[in-house]
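The chain contents come next:
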Amino acid sequence: MNISAMQKRHFILLDVVPFLGALLGIVVLARTGVQAVDLVGLLLMWFVTVVGIELGYHRYFSHQAFQVRPWLKGLLVVFASMGGQGSVIAWATNHIHHHRFSDQPQDTHTPLHSGEGVLGRLKGFLHAQVLWKWSYRPPLPDKFALWLYRDPIITRLSKTRIYYGWVLLGLALPAALSGLWDMSWEGALRGFLLGGVIRLFATQQGTFLINSLCHLAGTQPYNSKDNSRNNAGFALVTLGGAWHNNHHAFPKSGKNSHAWWQIDYGYGVLKVAEQLGWVWDIHTVSQEDRQRKLKSAGAITKTRAAGISGGEAPHENTAGS
Ligand SMILES: [Zn+2]
Ligand SMILES: [Zn+2]
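Note that this is a predicted model, so its numbers are computed, not measured.

Here is what the cut-offs are and how they apply
Residues numbered from 1 in each chain as written. Chains lettered and ligands numbered in written order. Predicted model: local features only at pLDDT ≥ 70, side-chain atom pairs only at ≥ 80, totals over all residues. Heavy atoms only, no water. Axes fitted to C-alpha atoms, helices over the stretch in contact; angles between N-to-C directions. Helix = DSSP H or I, 4+ residues; strand = E, 2+ residues; numbered from the N terminus. Left-handed = near helix turned anticlockwise from the far one by under 90°. Contact = heavy atoms within 4.5 Å. Nonpolar A, V, L, I, M, F, W, Y, C, P; charged D, E, K, R; others polar. Core = buried A, V, L, I, M, F, W, Y, C linked by side-chain atoms within 4.5 Å. Buried < 20%, exposed > 50% of the residue type's maximum accessible area, 1.4 Å probe, protein only. Donors = N, O, S within 2.8 Å, 3.2 Å for Na, K, Ca; no water. pLDDT = per-residue confidence, 0-100. Phe/Tyr/Trp six-rings, centres within 6.5 Å; stacked < 30°, edge-to-face > 60°. Lys NZ or Arg CZ within 6 Å of the ring centre and 35° of its normal. Tetrahedral: all angles 85-135°; square planar, octahedral: opposite > 155°, others 65-115°. Patch = residues over 30% accessible without salt bridge, like charges linked within 9 Å, V, L, I, M, F, W, Y side chains within 5 Å. Areas by Shrake-Rupley, 256 points an atom, 1.4 Å probe, with all protein chains shown as cover. Salt bridge = Lys/Arg side-chain N within 4 Å of Asp/Glu carboxyl O. Polar contact = N/O pair within 3.5 Å; in protein donor to acceptor, adjacent residues only side chain to side chain. Parallel < 35°, antiparallel > 145°, perpendicular 65-115°, else oblique. Expected span 1.5 Å × (residues − 1).

Section: the packing of helix α2 (residues 36-62) against helix α10 (residues 185-211)
Then step 1. Where α2 meets α10, the axes come as close as 9 Å, and the angle between the chain directions of the two elements is 35°. Regarding α2 and α10, the two cross each other, and that crossing is right-handed. Taken together, the residues of α10 that come into contact with α2 (itself represented by Val 37, Asp 38, Leu 39, Gly 41, Leu 42, Met 45, Trp 46, Thr 49, Val 50 and Ile 53) are Gly 187, Arg 190, Gly 191, Leu 194, Gly 195, Arg 199, Thr 203 and Thr 207.
Then step 2. Residue classes in the contact of α2 with α10 are distributed as 8 nonpolar, 7 polar and 3 charged.

Set out below in structure tokens:
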């Protein structure tokens, strides 16, 4: 199967089907009701998936923002694969390419080159959110992420069949939890739909909003040479990934929060893992480096006046400014 056919297969199986499945799931769950065990399954699977995506695929495999023990490296691939966003090598290569050409015409999923006006913005949003995945020119992995190909753990775990196996595992685990708890097939169906399909769809859309909304609207305290934005509104559900302008300004940092009020649970999870000896060498950014990249002296003044240490200036920019 060639690359284009594989992209289209992935788009149908893991973008279109989860969307339809989530809609169907809501209808079915409205009839069956939801039990506490289903919510536990949802919460656990959500946490595992976003840890895998944001800390694994993103901060580690794409940016090497910290070092990690080999067993945890493998586990992060498994966790993230259950999110159905592509294999680790494909995801990380696309993301490194995105940083290299962010919001330029070569950027695979920029929302900024789909036309002018409201319609252009809408087309750009949908393109960056999900439509780009239907067909795109994949960046050459040996040009953007050679180390991933040289790591036997990564290459073994990200083979296509094995990757799809992890996706299925992510659907089966919450089904097994609710089914065994209730000792019923209806319980298994509820777990499959809530912790499996709906969790898969929701975590995908959360990540994809970083590609779309976080390059269209929000605050932009730093001069990151692109249109990346911070969005406090969904920083919680993306484990801090939505502080996207902070991230584009300092991609290698393991900490996306630049002010006390910017919640970045992802960094909190990393600090716990560091205490346990599972990760080390977490990159962070000094206050001097942050202030150097702030967009203007005015921004620095406002930040200081607001008592925010090297944080985000309280000015709001909209897309295209
Ligand atoms: Zn971005
Ligand atoms: Zn990144």
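Considerations on the nonpolar core
Then step 1. Core analysis: the largest hydrophobic core is formed by 30 residues, its most contacted members being Tyr 57, Phe 61, Phe 66, Val 68, Val 88, Leu 148 and Val 279.
Then step 2. Broken down by secondary-structure element, the contributors of at least two residues to this core are α2, α3 (70-81), α4 (88-100), α8 (152-157) and α12 (265-275).
Then step 3. Tallying contributions element by element places α2 first for this core, with 7 residues.
Then step 4. Once you skip the residues sitting within four places of it in the chain, Phe 66 turns out to touch Leu 55, Arg 59, Tyr 60, Leu 270, Val 279, Trp 280, Asp 281, Ile 282 and His 283.
Then step 5. Ile 210, Cys 214, Phe 234 and Ala 235 belong to the second largest nonpolar core, which has 6 residues in total.

Let's talk about the coordination of the zinc ion (ligand 2)
Then step 1. Of the protein atoms, only His 58 (NE2), His 63 (NE2), His 95 (NE2), His 99 (NE2) and His 247 (NE2) coordinate the zinc ion (ligand 2), at distances of 1.9 to 2.2 Å.
Then step 2. Along the chain, the residues donating to the zinc ion (ligand 2) are arranged with the sequence spacing H-x4-H-x31-H-x3-H-x147-H. Just as His 58 is buried, His 63 falls in that class too.

Here we look at the confidence of the model for the protein chain
Then step 1. Taken over all residues, the pLDDT of the protein chain has a mean of 90, while the share at 70 or more is 92%.
Then step 2. When mean pLDDT is compared element by element in the protein chain, strand β2 (residues 279-280) scores highest at 98, while helix α14 (residues 297-305) scores lowest at 45.
Then step 3. Note that pLDDT drops below 50 for residues 297-321; the model gives that stretch 53 contacts with residues more than four away or on any other chain.

Some details on the packing of aromatic side chains
Then step 1. If you walk through the whole model with that rule in mind, you get 13 aromatic pairs.
Then step 2. On the basis of an interplanar angle of 50° and a centroid distance of 6.4 Å, the ring pair of Trp 46 and Phe 47 is categorised as tilted.
Then step 3. Here Phe 47 falls in the partly exposed class, since its relative accessible area comes to 39%.
Then step 4. By the ring-pair criterion, three or more aromatic residues cluster together here, those being Tyr 60, Phe 61, Phe 66 and Trp 147.
Then step 5. The ring of Phe 250 carries Lys 293 above its face, with NZ or CZ at 5.1 Å from the centroid.

Some remarks on the coordination of the zinc ion (ligand 1)
Then step 1. Those donors, His 98 (NE2), His 215 (NE2), His 244 (NE2) and His 248 (NE2), are the protein atoms that reach the zinc ion (ligand 1), and they lie 2.0 to 2.1 Å from it.
Then step 2. Of note is the zinc ion (ligand 1), whose 4 donor atoms meet at the metal with angles of 93 to 157° in an arrangement that counts as irregular.
Then step 3. Each donor residue of the zinc ion (ligand 1) lies on one chain, and together they are spaced H-x116-H-x28-H-x3-H. Note that His 98 is positioned in helix α4 and His 248 in helix α11 (residues 244-249), a separation of 150 residues in sequence.
Then step 4. Using a relative accessible area of 7% as the deciding quantity, one classes His 248 as buried.

A look at a nonpolar patch on the surface
Then step 1. On the surface, Trp 71, Leu 75, Val 272, Leu 276 and Trp 278 cluster together into a nonpolar patch covering about 470 Å² of accessible area.
Then step 2. Within the secondary structure layout, Val 272 lies in helix α12.

Some words on the side chain of Thr 49
Then step 1. Within the secondary structure, Thr 49 sits in helix α2.
Then step 2. There is a polar contact of 3.1 Å between the side chain of Thr 49 and the side chain of Arg 199.
Then step 3. Once you skip the residues sitting within four places of it in the chain, Thr 49 turns out to touch Phe 79, Met 82, Gly 83, Arg 199 and Thr 203.

Examining the pattern of salt bridges
Then step 1. Scanning all chains against the criterion turns up 9 salt bridges.
Then step 2. Two residues, Lys 133 and Asp 15, come together in a salt bridge whose shortest N-O distance is 3.4 Å. Here the residue Lys 133 occupies a position in the loop between α5 (117-129) and α6 (141-144), and Asp 15 occupies one in helix α1 (residues 3-32), the gap between them amounting to 118 residues.
Then step 3. Across the salt bridge formed by Arg 190 and Asp 182, the nearest N and O atoms sit 2.7 Å from each other.
Then step 4. Residue Arg 190 is classed as buried on the basis of its relative accessible area, which comes to 3%.

Observations concerning the packing of α2 against α3
Then step 1. Between α2 and α3, the least distance of the axes is 7 Å, while the angle of their chain directions is 120°. Relative to α3, the element α2 is oriented oblique. As α2 runs across α3, the sense of the crossing is left-handed. On α3, the residues touching Val 48, Thr 49, Val 51, Gly 52, Ile 53, Gly 56, Tyr 57, Tyr 60 and Phe 61 of α2 are Lys 73, Leu 76, Val 77, Phe 79, Ala 80 and Ser 81.
Then step 2. Counted by class, the contact of α2 with α3 contains 10 nonpolar, 4 polar and 1 charged residues.

With respect to helix α9 (residues 160-182)
Then step 1. Compared with the 33 Å implied by 1.5 Å per residue over 23 residues, the 34 Å span of α9 between its first and last C-alpha is a close match.
Then step 2. Of the surrounding secondary structure, the elements contacted by the buried residues of α9 are α1, α2, α3, α8 and α10.
Then step 3. Residue Met 183 follows α9 closely and has a positive phi angle near 50°.

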